[in-house]
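Descriptive structure summary
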Amino acid sequence: MKKIYLLILLLLFTSISVFANDLEIAKQKFNSYVYAANNYSPSLLNFYSPNAKIIRQVVKPDGTTANATTDMATYAKQMKISQGTAKLRKYKNKYKNVTAVKVSNGIKVSSLRQPMEDNYWLKTYQIWQKQPNGNWVIIEELMQTKQQIFLKYAD
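Here's what I pulled together on the structure shown here.

Scoring rules and cut-offs
Residues numbered from 1 in each chain as written. Predicted model: local features only at pLDDT ≥ 70, side-chain atom pairs only at ≥ 80, totals over all residues. Heavy atoms only, no water. Pairing = 2+ DSSP bridges. Helix = DSSP H or I, 4+ residues; strand = E, 2+ residues; numbered from the N terminus. Axes fitted to C-alpha atoms, helices over the stretch in contact; angles between N-to-C directions. Salt bridge = Lys/Arg side-chain N within 4 Å of Asp/Glu carboxyl O. Buried < 20%, exposed > 50% of the residue type's maximum accessible area, 1.4 Å probe, protein only. Contact = heavy atoms within 4.5 Å. Polar contact = N/O pair within 3.5 Å; in protein donor to acceptor, adjacent residues only side chain to side chain. Phe/Tyr/Trp six-rings, centres within 6.5 Å; stacked < 30°, edge-to-face > 60°. Lys NZ or Arg CZ within 6 Å of the ring centre and 35° of its normal. Core = buried A, V, L, I, M, F, W, Y, C linked by side-chain atoms within 4.5 Å.

Quick word on the sheet that holds strand E5 (residues 122-130)
With mixed pairing, the 6 strands of this open sheet are ordered in space as E2-E1-E6-E5-E4-E3. Taken across any chain shown, the strands that pair with only one partner, and hence form the sheet edges, are strand E2 (65-71) and strand E3 (93-103). Across this sheet, the average inter-strand angle for adjacent strands is 20°, counted without regard to direction. Here strand E4 (residues 106-115) runs beside E5; their pairing, made up of 7 bridges, is antiparallel. Each residue of the ladder has a partner; that of Lys-108, found in E5, is Ile-127.

Concerning the pattern of salt bridges
Between side chains of opposite charge, a pair can form when the charged atoms approach closely. One pass over the full model with this rule turns up 1 salt bridge. A salt bridge links Glu-141 to Arg-56; its shortest N-O distance comes to 2.8 Å. Taken together, the residues span a long stretch of sequence, with Glu-141 in strand E6 (residues 136-145) and Arg-56 in strand E1 (residues 48-59) at a distance of 85 residues. Using a relative accessible area of 11% as the deciding quantity, one classes Arg-56 as buried.

What to know about the side chain of Thr-124
Here Thr-124 shows up in strand E5. The contact partners of Thr-124, leaving out residues within four places of it in the chain, are Tyr-95, Val-109, Ser-110, Ser-111, Arg-113, Leu-142 and Met-143.

Let's talk about the side chain of Gln-114
When you line up the elements, Gln-114 lands in strand E4. Separated by 2.8 Å, the side chain of Gln-114 and the backbone oxygen of Asp-118 make a polar contact. Residues in contact with Gln-114, not counting those within four places in the same chain, are Lys-92, Asn-93, Lys-94, Asn-119, Tyr-120 and Trp-121.

Some details on the pairing of E5
In this structure, the hairpin formed by E4 and E5 is closed by a connection of 6 residues, where Glu-117 is found at a positive phi of approximately 65°. As defined by bridge partners, E5 adjoins E6 across 7 bridges and the pair is classed as antiparallel. The residue of E6 that forms the bridge with Gln-126 is Glu-141.

Section: the packing of aromatic side chains
Evaluated as defined, the whole model comprises 6 aromatic pairs. Between the aromatic rings of Tyr-48 and Tyr-75, the centroid separation amounts to 5.7 Å while the plane-to-plane angle is 70°, which identifies the pairing as edge-to-face. In this pair, Tyr-48 sits in strand E1 while Tyr-75 sits in helix H2 (residues 72-89), placing the two residues 27 residues apart along the sequence. The exposure class of Tyr-48 is buried, given its relative accessible area of 5%. Counting every residue linked through ring pairs, the aromatic cluster contains Phe-30, Tyr-33, Phe-47, Tyr-48, Tyr-75, Tyr-95 and Trp-128. Seen from the ring of Trp-121, Lys-96 lies directly overhead, with NZ or CZ sitting 4.5 Å from the centre. We note Lys-146 situated over the ring of Tyr-120; from NZ or CZ to the ring centre the distance is 4.0 Å.

Looking at the nonpolar core
Note on soluble globular proteins: their nonpolar side chains tend to be buried together. Ranked by internal contacts, the top residues of the largest apolar core, which has 24 residues, are Tyr-33, Phe-47, Tyr-48, Met-72, Ile-107, Val-109 and Trp-128. Those elements that place two or more of their residues in this core are helix H1 (2-38), E1, H2, E3, E4 and E6. The biggest single contributor to this core is H1, with 6 residues. Ignoring sequence-local partners within four residues, the contact set of Trp-128 consists of Ala-26, Lys-29, Phe-30, Tyr-33, Phe-47, Asn-105, Gly-106, Ile-107, Val-109, Trp-136, Val-137 and Ile-138. In terms of nonpolar packing, the next biggest core, distinct from the first, is built from 6 residues, Ile-127, Val-137, Ile-139 and Leu-142 among them.

Spelled out as structure tokens, the structure:
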């Protein structure tokens, strides 16, 4: 009986270690994403699953929100266009309060994002999922924005 308890404890500690490791890996991947984004890397799109769900949550002047959701193909086109302008402006985001939690379909990395030259922080999250080949990709992303132009795409 003692051996069974020891085996159960060993399995429990092993699974906790693997789980904690996945949280750290997802946070490291997020940090790599931030670095690539802030340095206008052409590899930025490689962080995403081809089927990723992209959500821009527009924060309206009255504080309410509306979601504008798009597919990865559309987002990739938009990103390629806007990346050139961002590079010319030397646009960068800052992030703080980065946390990672296990969710049903991966690891959710949440943070607050400060757009360049703004004095406010906006909510953001990415769900990172480990693929069968061992690669980690973003399968869902939500970023709040105060850019009202996105309202024309809101659900």
